[in-house]
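Summary of the model geometry
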Amino acid sequence: MKVGVVGAGVMGLSTAYFLSKSGIDVTVFEQKYLLYGASGRNSGGVSPMVDREELIPFALESLRLYDTLPSEVNFNFLFRKNGYIKLASDEGDAEKIREGVSVLRRFGISSKVISPEEVKEIIPDFNPDSAVLASYCREGGVIFPWPVVWGLARGCRENGVEIRTEARVEKIERNGSRFTVHVNGEKYEFDFVVNSAGAWSNEVSRMVGIEQNNMIIKEEVCVTESIKPYINPYIYDITSGLYVTQTARGEIIGGITGKSVDRIDTSSTVEFAVRYAKGVTRMIPKLKGLAMLRQWAGVYDEGRDGLPVVGFTEIDGFVQANGLGKHRGMMIAPALGKELAKLIERGENSAIKKFDPQRF
Ligand SMILES: Cc1cc2nc3c(=O)[nH]c(=O)nc-3n(C[C@H](O)[C@H](O)[C@H](O)COP(=O)(O)OP(=O)(O)OC[C@H]3O[C@@H](n4cnc5c(N)ncnc54)[C@H](O)[C@@H]3O)c2cc1C
């Protein structure tokens, strides 16, 4: 069996890695370089506190994989397990915070509702007036996305996967029971093609005549100069979408969850910088006056019903592995890739039935 994977983000590489562990012949095509997509541009917040109940088992399994994969692929993912805090800054969202905690408890995950004053005990200088309620989960924290991508790529290569960069898939033709994939004037033959092209997945689906219509979301983020570490957990305000944490080097990294856009757009805006600076300094006033060193944007996609799109399509052998969704791709991709590899190998896998591309 030969599998071609379009896109070398965390989803494509996880799928390729688990396929290759079973001895399957895999080639991954990346239109630019490793880290070009959202997997190289995100803030690395990972936790079981994912916003959709259907995804909690995948977030939990991914956290487990983030523990075991580094030794398997011989690469440190620089995972800082300092917990995850969700904030609500209005009463309506406070109810979501309470509900979120009770859902997590049903899964046996220890998490608790805490007051803004208790957040201040965890993060000195947190402004308790900036939130009405919060929840805290000790599991999870911040993973550095670059080593995740590099490490998975290394594991893939060790298992014999060919990863071709600067290799944009331009055309996919159905050729009897196989596919011919056109890249840089060369042709490759595969039994399966996996579309893990993230925000570009609609374009790749169109190559085989599928109108997929995943939402495309643009998200902006920035880092400041380094200061002494004191923000340990990842903090995410579900009302404003603002999130912030501190990197191992002491930079304050943060952003605001993305907005749906009509086309790929990775431009940085002053509007974001101003909105973020106002929001984050209200949340943690001590950050006032810090210099912003770098600002960037990324794009990712989300299934139309808010769930990932992972599984077989009406075109035999063409497989979707996209639509991971708002602010959670890093949280769920390793486990989704593992389950998708099983589906391709065995022809069925009920664990990912709810993400079936043919549900639309
Ligand atoms: C600013 C920002 C912050 C985020 N923060 C978090 C967070 O804290 N926690 C979290 O869990 N998630 C977060 N996310 C979301 C997360 O980054 C994404 O969900 C995840 O990286 C998506 O992975 P992917 O493999 O599906 O897509 P990508 O990483 O985008 O990979 C798709 C790849 O396909 C390639 N490609 C496209 N078309 C072609 C083609 N025709 N031929 C060959 N290659 C092609 C692209 O170049 C790209 O590299 C954030 C995202 C952004 C942008």
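From a predicted model like this one, the values you see are computed outputs, not experimental measurements.

Each value, and the rule that gives it
- Think of each chain on its own: its residues are numbered from 1, step by step along the sequence as written.
- Only residues with pLDDT of at least 70 get local features here, since the model is predicted, and only at 80 or more are side-chain atom pairs given and counted; chain-wide, interface and lining totals rely on the full set of residues.
- Contact assignment follows one rule, namely that a residue is near a molecule or strand if its backbone-placed C-beta atom lies within 6 Å of it.
- Going along the chain from the N terminus, every DSSP run of H or I of four or more residues is numbered as a helix, and every run of E of two or more is numbered as a strand.
- All amino acids are sorted into three groups, where Ala, Val, Leu, Ile, Met, Phe, Trp, Tyr, Cys and Pro are nonpolar, Asp, Glu, Lys and Arg are charged, and the leftover types, Gly among them, are polar.
- The source of the domain bounds is an automatic or database domain assignment.
- Contact between residues is assigned whenever the C-beta positions, reconstructed from backbone atoms, fall within 7 Å.
- To estimate the expected span of a helix, subtract one from its residue number and multiply by 1.5 Å.
- One axis fitted to the seven residues ending at a residue, another fitted to the seven starting there: the angle between these axes is the bend at that residue.
- Partly exposed residues are those falling between the two cut-offs: more than 12 but fewer than 20 other C-beta atoms within 10 Å of their own, whereas 20 or more means buried and 12 or fewer means exposed, with C-beta atoms placed from the backbone.
- Pairing between strands requires that DSSP locate at least two bridges from one strand to the other.
- Every axis corresponds to a line fitted to the C-alpha atoms, with the helix fit spanning only the stretch in contact, and the corresponding angles, defined between N-to-C directions, vary from 0 to 180 degrees.
- Roughly parallel means an angle under 35 degrees; roughly antiparallel, over 145; roughly perpendicular, 65 to 115; everything else is oblique.
- Here is the rule for handedness: rotate from the far helix to the near one, and if that takes an anticlockwise turn smaller than a right angle the crossing is left-handed, while a clockwise turn gives right-handed.

Right, let's talk about the site of the ligand for a bit. In the vicinity of the ligand lie 42 residues, with Gly-7, Gly-9, Gly-37, Gly-298 and Gly-329 positioned nearest. No other element matches the 4 residues that helix H8 (residues 329-346) contributes to the shell around the ligand. In terms of residue class, the shell around the ligand is built from 19 nonpolar, 17 polar and 6 charged. Shared between two domains, the shell around the ligand takes at least three residues from each, and those domains are domain 1 (2-74 + 145-213 + 305-359) and domain 2 (84-138 + 215-302).

This part takes up the domain arrangement of the protein. Split into domains, the protein comes out as domain 1 (2-74 + 145-213 + 305-359) and domain 2 (84-138 + 215-302). Here domain 1 and domain 2 have C-alpha centroids that lie 27 Å from each other. Counting residues at the interface gives 21 residues for domain 1, matched by 28 residues for domain 2. Looking at the side of domain 1 that touches domain 2, its residues break down into 6 nonpolar, 12 polar and 3 charged.

When the terminal C-alpha atoms of H8 are compared, their 25 Å separation across 18 residues agrees well with the 26 Å that a helix rising 1.5 Å per residue should span. Within H8, the axis deviates most sharply at Ala-335, by approximately 25 degrees. When you tally the buried positions in H8, you get 15 out of 18 residues, the bulk of the element. Backbone geometry just downstream of H8 places Gly-347 in the positive-phi region, at approximately 90 degrees.

This part is about the sheet that holds strand S16 (residues 251-261). Here we have 8 strands laid out as an open sheet, ordered S5-S6-S4-S14-S15-S16-S13-S17, and mixed in their pairing. Every interior strand has two partners, whereas the edge strands, strand S5 (111-114) and strand S17 (292-302), have only one. Here the strands of the sheet are splayed against their neighbours by 20 degrees on average, with no regard to which way each runs. Here 8 bridges tie strand S13 (residues 215-226) to S16, and the two strands are oriented antiparallel to one another. Among the inter-strand pairings, Lys-218 is bridged to a residue of S16, identified as Lys-259.

Attention now goes to the packing of helix H1 (residues 10-21) against H8. Following both chains from N to C, one finds H1 and H8 inclined at 40 degrees, their axes separated by 8 Å at the closest point. Compared by their axis directions, H1 and H8 come out oblique. Helix-helix and strand crossings are classified by hand; for H1 and H8 the assignment is right-handed. Along the contact surface, H1 presents Val-10, Met-11, Ser-14, Thr-15, Tyr-17, Phe-18 and Leu-19, while H8 presents Gly-329, Met-330, Ala-333, Pro-334, Leu-336, Gly-337, Lys-338, Leu-340, Ala-341 and Ile-344. Here the contact of H1 with H8 is composed, by residue class, of 12 nonpolar, 4 polar and 1 charged.

What follows covers unusual backbone geometry. Its identity as a non-glycine residue notwithstanding, Glu-166 has a phi of 50 degrees, on the positive side. Tracing the chain through its elements places Glu-166 in the loop between strand S8 (162-164) and strand S9 (169-175). A positive phi angle, close to 60 degrees, is found at His-327, a residue other than glycine. Its location among the elements puts His-327 in the loop between strand S19 (318-322) and H8.

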